[in-house]
Amino acid sequence: MDDLSQRIEQDRPRIVEELRTLVAIASVGYEGYDPALVRASAEATAAILREAGLADVRLLEPGGHPAVFGQRAGPEGAPTVLLYAHHDVQPAADAADWAHPPFQPMVIDGRLFGRGSADDKCGIAIHAAAIRALLSRGEPPVMIKVIVEGEEECSTEHLPELVQGNAELLRADVAIVADSGNIRTGVPTITTSVRGATSLEVRVDVLPQAVHSGAFGGPLPDAISALARMIASLHTDNGEVAVEGLHAFAWEGDEITEDAFRAETNVFPEIQLFGSGSIADRTLSQPSINVLAFDAPRVSEVANQIVPTATAVIGLRMAPGEDYAKARQRVADHMRAAAPWGVRVSINHDEPGAGHIVDTSSTAFTAVREALTDAFDHDVVEIGSGGSIPLVPLLVDTFPEIQIVMWGAADDRSNYHSRDESVDVGEVVRMAQAEAAFLVKLAGR
């Protein structure tokens, strides 16, 4: 495998330049952002994959923002591997607080900074580099398919159509999901589980319009106070999730120390952590609930009035194995039951994503461990993720025999979904080396 590794190392400047190109495009898919930029990101991704040597590169448009597909045939009878990443990114609404502009990528001390650098445009760069290295030796050892999603961050509405509507196009024996990362820089990590995720938009109404707080305050409740009580009911005093009936289990894999967790999150030292059990239990195999957004009059727009309406978005992460529809309903029922003073409550929800536990006993995982160990010269760590990748359970439902591998180039300093997001360029190179080696090893088995 030495020649593959050397080729990818020599390709480092191109890898960085392609990642710069992608990160410079503000491909935020949420409503209110320019959809043309997401399309531009898809087209840039297609160009990179085409130049890497894939054939049949095209945009897939099941609705919403475009995904990108490409493939390259391998030897007859060889396994088919689906390489996944996503090109849409989280917003950077706090751009003024970033040390560097979020969509002006720059490399500092070996890290490339910019929104989407770690989550997940580095996945595209990894796939392209691995494919170039393999094709420099001739035809690839396996059938390669690549799918780069365009709505991973903002919606799962069109995901079933993307996967199930293109089932024959995406059918594969193994899926490499490059949307994860390493627990620390230089420590190769395989993600063995992901939690399910959904959110609920909860609105409280008490009046058809605002009224004077002096003339009418006293008898009238306000919407913010009502919604605050409902939100407070979601946790016990020590931070345990108070919604009954949600699935949880004890985590049996590698542990996470509280010191390491606090260091990675940078939480203030005086803050008491939610819940009970180990940190791994609380982040990997228990449900969690957080308030993701709150809509009410701004402090800068305060008026002496009874606030008639308030809305919050409640995020729910579910343990792998949870029935997500029932879990979402339990949270909705809990919120309605907690509503005080007869206030009106309306609840909308997004499309949930299920959790998943990976089968690590497959033949693919033997090759994965070997490839990662060789690329990083370090023992492999296997640990779950508290995050969610909605594509994974959908792939398993669509292709029951598919083997899932989740890994990536992010690390404990990547700050994805936060300001100053970055990725270590060396990790991107090593992950590309591991991916190329894995494809060769898989073909040999």
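The structure this text deals with has already been given above.
Below or above, wherever it landed, is the structure these notes cover.

Details of the overall build of the protein chain
Here's step 1: For the protein chain, the helix and strand inventory stands at 14 helices and 18 strands.
Here's step 2: Since a compact globule built from 445 residues should have a radius of gyration of about 22 Å, the 23 Å found for the protein chain is in line with a globular shape.
Here's step 3: Taken along the three principal axes of its C-alpha coordinates, the protein chain extends 80 × 45 × 45 Å.
Here's step 4: When burial is assessed residue by residue, the protein chain has 52% of its 445 residues classed as buried.
Here's step 5: By sequence separation, contacts in the protein chain at least 24 residues apart represent 80% of the contacts at least 6 residues apart.

Some thoughts on the packing of aromatic side chains
Here's step 1: Scanning the entire structure with this criterion turns up one aromatic pair.
Here's step 2: Ring geometry for tryptophan 407 versus phenylalanine 438: centroids 6.3 Å apart, planes at 80°, classification edge-to-face. In this pair, tryptophan 407 sits in the loop between strand S17 (403–406) and strand S18 (422–424) while phenylalanine 438 sits in helix H14 (residues 425–444), placing the two residues 31 residues apart along the sequence. Each member of the pair tryptophan 407 and phenylalanine 438 is classed as buried.

Examining the sheet that holds strand S13 (residues 309–318)
Here's step 1: Pairing is antiparallel in the open sheet, where four strands are placed in the order S11-S13-S9-S14. With one partner strand each, in any of the chains shown, strand S11 (288–295) and strand S14 (344–349) form the two edges of the open sheet. Taken pair by pair, the neighbouring strands of this sheet meet at an average axis angle of 25°, ignoring direction.
Here's step 2: Sheet strands touched by helix H8 (residues 223–232): strand S9 (196–205), S11, S13 and S14. Its angle to S13, the strand with the most contacts, is close to 15°.
Here's step 3: Where helix H11 (residues 324–338) meets the sheet, its contacts fall on S9, S11, S13 and S14, and the angle it forms with S13 comes to roughly 145°.

Looking at the nonpolar core
Here's step 1: Membership of the largest hydrophobic core comes to 92 residues, with the highest contact counts inside it found for Ile144, Ile147, Trp407 and Phe438.
Here's step 2: Discounting residues that sit within four places of it in the chain, phenylalanine 438 has contacts with Val174, Ile176, Ala364, Ala367, Val368, Ala371 and Trp407.
Here's step 3: Ranked by size, the runner-up nonpolar core spans 23 residues in total, among them Val202, Val243, Leu246 and Ile347.

Quick look at the pattern of salt bridges
Here's step 1: Counted by the stated rule, this structure contains 20 salt bridges.
Here's step 2: With a closest N to O distance of 3.0 Å, arginine 132 and glutamate 18 form a salt bridge. Highlighted residues: arginine 132 in helix H4 (residues 117–135) and glutamate 18 in helix H2 (residues 12–23), separated in sequence by 114 residues.
Here's step 3: Classification of arginine 132 by relative accessible area gives buried; the value is 11%.
Here's step 4: The exposure class of glutamate 18 is buried, given its relative accessible area of 7%.
Here's step 5: Between glutamate 370 and lysine 441 there is a salt bridge, and its shortest N-O distance comes to 3.7 Å. Linking glutamate 370 in helix H12 (residues 363–376) with lysine 441 in helix H14, this pair joins segments that are 71 residues apart in sequence.
Here's step 6: The partly exposed category is assigned to glutamate 370, whose relative accessible area is 31%.

Overview of the environment of glutamate 201
Here's step 1: Its location among the elements puts glutamate 201 in strand S9.
Here's step 2: Sequence-wise, glutamate 201 and phenylalanine 294 are 93 residues apart; in three dimensions their C-alpha atoms are separated by 9.5 Å.
Here's step 3: Apart from residues no more than four positions distant in its own chain, glutamate 201 is found in contact with Thr311, Ala312, Val313, Ser346, Ile347 and Asn348.

Focus on the sheet that holds strand S4 (residues 106–108)
Here's step 1: Ordered by their spatial adjacency, three strands build an open sheet running S4-S5-S18, and the pairing between neighbours is antiparallel. At either margin of the open sheet sits one strand with a lone partner, and together these are S4 and S18. Here the average twist between neighbouring strands, direction ignored, is 30°.
Here's step 2: Bridge analysis of S4 against strand S5 (residues 111–113) gives three bridges, and the strand direction is antiparallel. Looking at S5, one finds that valine 107 is bridged to leucine 112.
Here's step 3: Sheet strands touched by H4: S5 and S18. Its angle to S18, the strand with the most contacts, is close to 50°.
Here's step 4: H14 contacts S5 and S18 of the sheet and is inclined by roughly 60° relative to S18.

A closer look at the packing of H2 against H14
Here's step 1: H14 packs onto H2 with a crossing angle of 110° between their chain directions and a minimal axis gap of 11 Å. What the angle tells us is that H2 and H14 run roughly perpendicular. Judged by the sense of rotation from one axis to the other, the crossing of H2 with H14 is right-handed. Listed contacts from H14 to Arg12, Ile15 and Val16 of H2 are Val425, Gly426, Val428 and Val429.
Here's step 2: Split into classes, the residues belonging to the contact of H2 with H14 amount to five nonpolar, one polar and one charged.

Structural notes on the side chain of lysine 145
Here's step 1: Topologically, lysine 145 is positioned in strand S6 (residues 143–149).
Here's step 2: Buried within the structure, lysine 145 lacks any salt-bridge partner; glutamate 168 is the closest side chain of opposite charge, at an N-O distance of 7.1 Å.
Here's step 3: Polar contacts involving the side chain of lysine 145 include one to the main-chain carbonyl oxygen of arginine 171, which spans 2.9 Å.

Details of the state of the cysteines
Here's step 1: Within this structure, the stated rule accounts for zero disulfides.
Here's step 2: Looking at cysteine 122, it has no disulfide partner, and the nearest cysteine sulfur is the one in cysteine 154, 18 Å off.
Here's step 3: Judged by relative accessible area, which is 1%, cysteine 122 ranks as buried.
Here's step 4: Taking relative accessible area as the criterion, cysteine 154 reaches 22% and is therefore assigned partly exposed.

What counts as what
Residues numbered from 1 in each chain as written. Predicted model: local features only at pLDDT ≥ 70, side-chain atom pairs only at ≥ 80, totals over all residues. Heavy atoms only, no water. Helix = DSSP H or I, 4+ residues; strand = E, 2+ residues; numbered from the N terminus. Rg over C-alpha atoms; globule rule 2.2 N^0.38 Å. Buried < 20%, exposed > 50% of the residue type's maximum accessible area, 1.4 Å probe, protein only. Contact = heavy atoms within 4.5 Å. Phe/Tyr/Trp six-rings, centres within 6.5 Å; stacked < 30°, edge-to-face > 60°. Pairing = 2+ DSSP bridges. Axes fitted to C-alpha atoms, helices over the stretch in contact; angles between N-to-C directions. Core = buried A, V, L, I, M, F, W, Y, C linked by side-chain atoms within 4.5 Å. Salt bridge = Lys/Arg side-chain N within 4 Å of Asp/Glu carboxyl O. Parallel < 35°, antiparallel > 145°, perpendicular 65-115°, else oblique. Left-handed = near helix turned anticlockwise from the far one by under 90°. Nonpolar A, V, L, I, M, F, W, Y, C, P; charged D, E, K, R; others polar. Lys, Arg positive; Asp, Glu negative; His and termini not counted. Polar contact = N/O pair within 3.5 Å; in protein donor to acceptor, adjacent residues only side chain to side chain. Disulfide = S-S within 2.5 Å.

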